[in-house]
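# Overview (structure and organization)
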Amino acid sequence: MSTSPNTILDRTPLIAGNWKMNMDHVQGTGLLQQLAVCLTDAEHDYGSVEVALFPPFTTLSVVRSLIQDDGLNLVCGGQDLSQFDGGAYTGDISGQLLARLGCKYALVGHSERRTIHGETDETVNAKAKAAYRHSLTPVLCVGEGLDIRQAGRHVQHTLTQLRSGIEGLNSDQAATLVVAYEPVWAIGTGEVAGPEDAQEMCHAIRAELTRLFDTDVSAQVRLLYGGSVKASNAAAIMHQTDVDGVLVGGASLDATEFANIAGYERQATP
Ligand code: 13P
């Protein structure tokens, strides 16, 4: 496998599948079994990327067990977590519960949580801190809507979300952070931001992290792009200097498609 600028900087590419509210525990088992076959295809080398799955909470346990029992080279995470650690919070899932299941990651601030559940930047920040309290790595999702993009305020808007989301984190925490730039207008719409749009924003995010911390920290943070990623566009996005991974929705529900995204290097050099 060729070496990308990202691996030179020792940022292991992260290919993340957000199953959203799809895949019950039986369907999820089937998808994971198919994925295991696709990802262990002897002809292909997926060893240099990290593949993470974000199933619904009710499917997480069976996914985690299969990963463990079959020794699969996959990790998993929660699609959300509570800002609280436990107690009378009906319907919520704490970082502690996710950590107990062996999760590595938790998404925080996904645009669907911000829009549908009214999550504010303050809540998102509290959730990021809750993740760290339980040794989970937050995948902080940021990104602008169409109106903001059309008004040319996308960088300013996204960096404001970034600053609020990471407020109060120390350098050690910030260095392990994952930030996912997901322009809302590109999510589930088939509209994909161009690779240069993804690079523009990821570069701006990294520069802001340098300003807030230092280059040692900013050079370690992995930056993902999300929004209508498919096998056919993954390689061009992944080859951008500041893009270290992708957060995939719809296409992660198809084992072959998702495996081809994880094998983006092969797609680029057939
Ligand atoms: P799609 O890949 O379906 O556009 O979803 C992106 C997303 O929201 C991932 O979190």
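Because the structure is a prediction, the values reported are computed rather than measured.

Calculation rules
- Residues numbered from 1 in each chain as written.
- Predicted model: local features only at pLDDT ≥ 70, side-chain atom pairs only at ≥ 80, totals over all residues.
- Heavy atoms only, no water.
- Helix = DSSP H or I, 4+ residues; strand = E, 2+ residues; numbered from the N terminus.
- Contact = heavy atoms within 4.5 Å.
- Polar contact = N/O pair within 3.5 Å; in protein donor to acceptor, adjacent residues only side chain to side chain.
- Expected span 1.5 Å × (residues − 1).
- Buried < 20%, exposed > 50% of the residue type's maximum accessible area, 1.4 Å probe, protein only.
- Pairing = 2+ DSSP bridges.
- Right-handed = clockwise from strand over helix to strand, strands pointing away.
- Near = heavy atom within 4 Å.
- Areas by Shrake-Rupley, 256 points an atom, 1.4 Å probe, with all protein chains shown as cover.
- 1 Å grid on protein atoms, 1.4 Å probe; cavity = no way out; pocket = protein on both sides within 12 Å on 5 of 7 lines; lining within 4 Å.
- Points joined across faces, edges and corners; volume = space filled by probe spheres on them.
- Nonpolar A, V, L, I, M, F, W, Y, C, P; charged D, E, K, R; others polar.

With respect to the secondary-structure elements, arginine 114 resides in helix α5 (residues 111-116). Put simply, arginine 114 and valine 124 are ten residues apart on the chain and 8.6 Å apart in space, counted from C-alpha to C-alpha. Other than its neighbours up to four places away in sequence, arginine 114 contacts Gly109, Glu119, Asp121, Val124, Leu140, Cys141, Val142 and Gln161. Polar contacts involving the side chain of arginine 114 include one to the main-chain carbonyl oxygen of glycine 109, which spans 2.8 Å.

Side chains that are three or four residues apart share a direction in an α-helix, a result of its 3.6 residues per turn. When the terminal C-alpha atoms of helix α6 (residues 121-133) are compared, their 19 Å separation across 13 residues agrees well with the 18 Å that a helix rising 1.5 Å per residue should span. The complete set of buried residues in α6 reads Thr123, Val124, Asn125, Lys127, Ala128, Ala130, Ala131 and Tyr132. Check the buried side of α6 and you find it contacts β4 (105-108), α5, β5 (137-142), α8 (154-166) and α9 (171-176). Downstream of α6 by a residue or two, serine 135 has a phi angle that is positive, lying close to 60°.

Here the focus is the pairing of strand β3 (residues 75-78). Here strand β2 (residues 50-54) pairs with β3 via two bridges, running parallel. Considered in β3, the bridge of leucine 53 is made with cysteine 76. Crossover handedness for the path β2 to helix α3 (residues 57-69) to β3: right-handed. Sheet topology places β3 next to β4; two bridges connect them, and they run parallel. Along β4, the bridge assignment pairs glycine 78 with alanine 106. In the classification by handedness, the crossover that spans β3, the intervening helix α4 (residues 95-100) and the parallel β4 is right-handed.

Let's shift gears to the site of the ligand. Around the ligand, the surrounding shell holds 13 residues, and the nearest of these are Lys20, His110, Gly188, Ser228 and Gly250. Here an oxygen atom of the ligand and a backbone polar atom of glycine 249 are 2.9 Å apart. Glycine 250 is positioned with one of its backbone polar atoms (N or O) 2.8 Å from an oxygen atom of the ligand. Compared with its free state, where it exposes 310 Å², the ligand has 95% of that area covered by protein.

This brings us to the layout of surface pockets. Approximately 330 Å³ is the volume attributed to the largest pocket. Forming the boundary of the largest pocket are 14 residues, of which Lys20, Met21, Gln79, Arg113 and His117 lie nearest the centre. A per-element tally of the lining of the largest pocket places α5 first, with three residues. Considered class by class, the residues forming the lining of the largest pocket number six nonpolar, four polar and four charged.

Quick look at the side chain of aspartate 80 now. As for its placement among the helices and strands, aspartate 80 is situated in the loop between β3 and α4. We classify aspartate 80 as buried; its relative accessible area is 10%. A polar atom in the side chain of aspartate 80 sits 2.9 Å from the side chain of lysine 127. Beyond its immediate chain neighbours, meaning those up to four positions away, aspartate 80 contacts Phe57, Leu98, Leu107, Arg113, Glu119 and Lys127.

A word on empty space enclosed by the protein. Under the defined criterion, the tally for this structure stands at one cavity of 30 Å³ or more. Put simply, the largest cavity is a space of about 30 Å³. If you trace the largest cavity, you find it lined by Gly109, His110, Ser111, Arg114, Cys141, Val142, Gly143, Gln161 and Glu182. Among the secondary structure elements, those contributing two or more residues to the lining of the largest cavity are α5 and β5.

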